[in-house]
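Coordinate analysis (summary)
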Amino acid sequence: MNPKENIHPIEAPAGLRERKKRLAQAAIEEAALRLFQQKGYEQTSIQDIADAVTMSSRTFFRYYASKEEVLSGPIRSTQLDGIRYLLEAEPPASPHAALQSVFGYLACQYEKQRPGLVLRYRIAGQTPSIASLFLYTLMEAEPALCDALCSRLETGADRDEVRFLVAVYMAALRVSIEEWLEQGDDADLVNVLHRHMDRLSSMPPG
């Protein structure tokens, strides 16, 4: 018997694999954003990005499905975090209270991502084909946020009213993010958002 036949490859612990994955994703994002700035989004190919981090395009697809995902991934990931936050929070006193809480949480998370978001915002603004990227990425989370909020409210909540309120608060977040990114580094997204949300407090409760 060949002793080598009994030797099985040692798998890396899940924690180590996850760290390696995150490091690879960070390297890809950094290279992609740099190339998007230098060459333009449409002129940068996936092979260009893969070459910049010395990997094959096939390996690139292990981490990202497309260039668009590299650009919008952090925004989408933060939106999913917000949905989890809403589902795990204490039962809300009202739809307004829940939405103020979850959107305040989202603003805090985006605050931590300012440098990367500024780059993404500028790249998207310079590329007509993806100029609506920020708007679309935010809006696509609305149905899931609506479902999450309805699941936390008392039975009989008006879903159409909740859907409307989610859309209004999302618009406030989008406007706040755009305003914040266009201001200097001292700007505070949480304060900007709360200023806009205060204007919504006079709306009828759901």
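Residues numbered from 1 in each chain as written. Predicted model: local features only at pLDDT ≥ 70, side-chain atom pairs only at ≥ 80, totals over all residues. Heavy atoms only, no water.

Digging into the overall build of the protein
As a reminder of what qualifies: Put simply, DSSP marks the helices as runs of H or I at least four residues long and the strands as runs of E at least two long, and each gets a number from the N terminus on. Contacts were defined at the residue level, with two residues in contact if any of their heavy atoms lie within 4.5 Å. Note that accessible areas follow from Shrake-Rupley with a 1.4 Å probe, and for residues the cover is restricted to the protein chains shown.
Tallying secondary structure elements over the protein gives ten helices and zero strands in all. Starting at the N terminus, the α and β elements of the protein follow one another as α-α-α-α-α-α-α-α-α-α. Taking contacts inside the protein between residues at least 6 apart in sequence as the whole, the part at least 24 apart equals 69%. Total accessible area computed for the protein in this model is approximately 11,900 Å², and 52% of it derives from carbon and sulfur atoms.

Digging into helix α9 (residues 159-182)
To keep things clear, this is the line we draw: For a helix, the expected span equals 1.5 Å multiplied by the number of residues minus one. Residue exposure (1.4 Å probe, protein chains only): buried if accessible area is under 20% of the type maximum, exposed if over 50%, otherwise partly exposed. Whenever a nitrogen or oxygen atom comes within 3.5 Å of another N or O atom, the pair is scored as a polar contact, on the condition that within protein one atom can donate a hydrogen and the other can accept it, and that pairs from neighbouring residues in sequence are kept only if both atoms are in side chains.
With 24 residues, α9 should cover 34 Å at 1.5 Å per step; its first-to-last C-alpha distance of 35 Å lies within 8% of that length. Within α9 the residues assigned to the buried category are V162, L165, V166, V168, Y169, M170, A172, L173, S176, I177, W180 and L181. Structurally, α9 contributes buried residues whose contacts are with α4 (67-88), α5 (95-111), α6 (114-125), α7 (133-139), α8 (142-152) and α10 (189-198). Of the residues that open α9, the one with a side-chain oxygen 3.0 Å from the backbone nitrogen of D160 is D158.

Describing the nonpolar core
The nonpolar side chains of a soluble globular protein tend to be buried, and buried together. Test applied: The criterion is simple. A nonpolar core is a set of buried Ala, Val, Leu, Ile, Met, Phe, Trp, Tyr and Cys residues joined through side-chain atoms within 4.5 Å.
F103, Y110 and L173 are the most contacted members of the largest nonpolar core, which has 38 residues in total. Going through the elements one at a time, α4, α5, α6, α7, α8, α9 and α10 are the ones with two or more residues in this core. If one sorts the elements of this core by residue count, α9 sits on top with eleven residues. I28, A32, L35 and A50 belong to the second-largest nonpolar core, a separate cluster that totals 18 residues.

A word on the state of the cysteines
Under the convention used in this document: Criterion for a disulfide: a pair of cysteine sulfur atoms within 2.5 Å.
Summed over all chains, the structure comprises zero disulfides. This cysteine, C150, is not joined by any disulfide, and C146 carries the nearest cysteine sulfur, 4.2 Å off.

Observations regarding α10
As a reminder, the rule being used: Read the arc as the range of directions from the helix axis to the C-beta atoms.
By the burial criterion, the buried members of α10 are L189, V190, V192, L193, H196 and M197. The arc that holds every buried residue of α10, seen down its axis, measures 160°, which confines them to one face. Looking at the packing, one finds that the buried side of α10 touches α5 and α9. The N-terminus of α10 is capped by D188, whose side-chain oxygen sits 2.9 Å from the backbone nitrogen of V190.

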